[in-house]
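Listed below are the residues making up each chain.
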Amino acid sequence: MSEHYRIVIETFSSTNKHSVERKVIKEYKIKSPNSIMDLGFRHSEQIEILQEIQNKLLQEQSITLKSPLDKCPACGGHVRLNGVEPSDFHSVFTDHRVNVHRLKCGKCDWNKVSSIESLFGTSVHPDLAKMQCEAGANHSFRAAQKILNLQSNGTRKINNHDRIKKVVDSIGGEIKKELQRPFKLPANHQAANELILQVDGGHLKSDDPEKSSFEALASVIYRPEDVQKKGERGFIESKQCAASALDDQLKTIKRNTLIAAKKQGLSMTTHVTALCDGAQNCWSVVDAIKSQCGSLTTILDWFHLSMKFQNTAMPPEHKIKLIRIKWHLWRGHADRALLRLLELKELVDIKYKASITTLQTYIENNETRIVDYRLRYKNGKAISRQIAESTVESLINQRCKGKQHMRWSRHGVHCILQVRAAIASKDWENNWEKTILNATLKAA
Ligand SMILES: [Zn+2]
């Protein structure tokens with residue numbers, strides 16, 4: 001049995017056998033663990049080892065770093081190397097100083113200290129930017145700061161909440177730009193027979209003192225066969241999401257929803273079933289799909305419709321009547337429901353009449369989208385967003401609502417939502433490297 005344990009870095013040349021260089025990073029006496037605490041390395045030790053191993057690799061790599069300039073930008077003279085200068089580099093769990101060449105003109109007095117940032121456009125490794133972006137899209141920026149510092153076992157300036165916000169802003173902004181470019185169908189595109197579209201809105205408190213709130217919209221589109229019924233609510237195996245918090249007469253949410261639908265297989269033969277809670281702007285987003293699909297069925301979300309009944313004030317003796325009216329709607333008979341509501345209105349006090357009127361207006365406005373829910377339910381077809389995760393709940397509310405009376409700017413929310421929609425659509429998995437590099441190059 002060995003008594004000691006040593007971590008050594010070897011650098012060597014494949015051609016010159018004598019050029020092996022060894023550096024001892026850590027040396028330990030192997031002890032029998034007294035408790036689980038002594039088993040393997042502590043978190044702090046793991047970070048330290050990583051720090052040292054990477055320091056050595058960076059030291060070797062720094063020798064190979066080339067200046068982007070060979071001519072002086074001032075006089076065109078030949079640029080010479082003039083010593084080195086340590087420069088910041090932020091890796092996933094550790095921060096480093098990497099030597100970078102100082103440059104000097106041979107003719108005039110121009111000189112420049114290059115840095116990792118000036119050489120690569122950023123001093124942050126994209127893997128760290130990805131973690132910051134995901135943490136900031138899923139948690140408050142301050143919570144993201146805590147999480148990332150926990151993982152790194154120490155406070156790092158680079159993980160400051162302001163930095164994380166900037167990362168989310170720039171990456172969200174890049175996704176926004178990507179969505180504005182002409183959309184090309186992927187090579188493996190397969191037309192869908194049927195798609196389900198849900199559009200939903202959420203109100204957020206505005207940081208603009210002139211306005212109290214603004215609305216963000218989110219849509220999700222998926223194939224009905226991708227709904228897995230696990231547990232009560234089920235989940236959607238593959239879906240595309242779109243979201244917008246911009247004040248642009250729904251232009252962005254319409255465009256992004258259409259792109260999401262195309263990615264999910266929308267074609268001129270696809271039948272689209274759209275489920276909404278009855279808000280007019282949600283239906284307007286659905287209308288943007290109309291000319292791009294085979295046929296479209298719009299359905300007033302059953303869950304939302306029944307919530308409206310639940311929230312209608314009614315004296316106890318007439319409650320049963322209200323429930324019966326709801327069952328007319330369950331069978332798709334909006335006309336009968338409206339007639340019965342009119343009769344019910346005659347029976348109640350003035351204070352209840354108003355709430356019946358609200359319900360009447362809601363049903364009238366959405367009459368053409370009230371379908372035979374019972375039949376659809378029997379046939380296993382979607383009648384409500386409750387069958388799968390609610391879009392607005394998962395995309396908007398989970399991140400942007402309820403916390404510390406948070407106030408938001410449309411731009412800030414829009415950036416967060418672009419990242420959240422990309423993550424939920426699994427687009428992020430395939431595209432994050434390109435997106436992050438483009439976002440950081442832009443900043444360079
Ligand atoms: Zn010069």
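Conventions we followed
Residues numbered from 1 in each chain as written. Predicted model: local features only at pLDDT ≥ 70, side-chain atom pairs only at ≥ 80, totals over all residues. Helix = DSSP H or I, 4+ residues; strand = E, 2+ residues; numbered from the N terminus. Rg over C-alpha atoms; globule rule 2.2 N^0.38 Å. Buried ≥ 20, exposed ≤ 12 C-beta atoms within 10 Å, placed from the backbone. Contact = placed C-beta atoms within 7 Å. Pairing = 2+ DSSP bridges. Axes fitted to C-alpha atoms, helices over the stretch in contact; angles between N-to-C directions. Domains from an automatic or database assignment. Core = buried A, V, L, I, M, F, W, Y, C linked by C-beta atoms within 7 Å. Parallel < 35°, antiparallel > 145°, perpendicular 65-115°, else oblique. Left-handed = near helix turned anticlockwise from the far one by under 90°. Nonpolar A, V, L, I, M, F, W, Y, C, P; charged D, E, K, R; others polar. Arc of directions from axis to C-beta.

## Describing the overall build of the protein
- A tally of helices and strands in the protein yields 15 helices and twelve strands.
- A compact globule built from 444 residues would reach a C-alpha radius of gyration of about 22 Å, whereas the protein, at 30 Å, exceeds it by more than 25%.
- Once the C-alpha set of the protein is aligned to its principal axes, its extents read approximately 100 × 65 × 50 Å.
- A total of 444 residues make up the protein; the buried ones form 31% of that total.
- Considering only intrachain contacts with a sequence separation of at least 6, the fraction spanning at least 24 residues in the protein is 67%.

## Structural notes on the sheet that holds strand S11 (residues 271-276)
- A sheet is described by the order of its strands in space; here five strands give the open sequence S10-S7-S6-S11-S12, paired in mixed fashion. The open sheet is flanked by strand S10 (239-244) and strand S12 (295-300), the only strands paired with a single partner. Looking at each pair of strands side by side, their axes are set apart by 20° on average, direction ignored.
- Pairing between S11 and S12: six bridges, direction parallel. Bridging across to S12, Cys276 finds its partner in Leu300.
- The sheet contacts of helix H7 (residues 280-290) involve strand S6 (194-205), strand S7 (213-222), S11 and S12, and relative to S6 the element is tilted by about 145°.
- Seen against the sheet, helix H14 (residues 410-424) touches S6, S7 and S10 and runs at an angle of roughly 175° to S10.

## Concerning the domain arrangement of the protein
- Here the protein is described as being made up of domain 1 (4-120), domain 2 (126-181 + 430-443) and domain 3 (302-383).
- Computed over C-alpha atoms, the centres of domain 1 and domain 3 are 70 Å apart.

## Focus: the nonpolar core
- Counting residues in each nonpolar core, the largest one holds 80 residues, and the members touching the most others are Leu197 and Ala243.
- For this core, the element with the highest residue contribution is H14, accounting for eight residues.
- Split by domain, this core shows at least three residues from each of two domains, domain 2 (126-181 + 430-443) and domain 3 (302-383).
- Each residue touching Leu197, except ones within four places of it in the same chain, is listed here: Ser219, Ile221, Ala261, Val272, Ala274, Val286 and Ile289.

## Focus: the environment of Met406
- Summarising the element assignment, Met406 is placed in the loop between helix H13 (391-400) and H14.
- Classification of Met406 by C-beta neighbours within 10 Å gives partly exposed; the count is 14.
- Taking the C-alpha atoms as reference, Met406 lies 44 Å from Ser62; in sequence the two are 344 residues apart.
- Setting aside anything within four residues of it in sequence, one finds Met406 in contact with Lys205 and Cys400.

## What to know about the packing of helix H3 (residues 126-138) against helix H4 (residues 141-152)
- Across the interface, H3 lies against H4 with an axial gap of 8 Å and an inter-helix angle of 135°. Of the possible angle classes, the one that applies to H3 and H4 is oblique. Read as a crossing pair, H3 and H4 show a hand that is right-handed. On H4, the residues touching Met131, Gln132, Ala135 and Gly136 of H3 are Phe141, Ala144, Ile147 and Leu148.
- Here the residues of the contact of H3 with H4 are counted per class, giving six nonpolar, two polar and no charged.

## Structural notes on the sheet that holds strand S3 (residues 79-90)
- In spatial order, the strands read S3-S4-S5; together these three strands make up an open sheet with antiparallel pairing. Strand pairing shows two members of the sheet lacking a second neighbour, S3 and strand S5 (111-113), which therefore form its edges. Going from strand to strand, the sheet's axes swing by 15° on average, the running direction of each strand aside.
- Note: S3 against strand S4 (residues 95-105), ten bridges, orientation antiparallel. Each residue of the ladder has a partner; that of Ser87, found in S4, is Val98.
- Together, S3 and S4 form the strand contacts of helix H1 (residues 43-64), whose direction differs from that of S4 by roughly 15°.

## Regarding unusual backbone geometry
- The phi torsion at Gln249 lies on the positive side, around 50°, for a residue other than glycine.
- The topology assignment puts Gln249 in the loop between S10 and helix H6 (251-263).
- Residue classification places Gln249 among the exposed residues on the basis of 10 C-beta atoms within 10 Å.
- The phi angle at Leu250 is positive, at roughly 70°, despite the residue not being glycine.
- Relative to the helices and strands, Leu250 resides in the loop between S10 and H6.
- For Leu250, a count of 18 C-beta atoms within 10 Å corresponds to the partly exposed category.

## So, H7
- Along H7, the residues that are buried comprise Cys282, Val285, Val286 and Ile289. In a view along the axis of H7, the buried residues occupy a sector of 100°, so they form one face of it. Seen from the open side of H7, the exposed residues pointing more than 90 degrees away from its buried face are Gln280 and Lys290.
- Considering only its buried residues, H7 is in contact with S6, S7, H6, S11 and S12.

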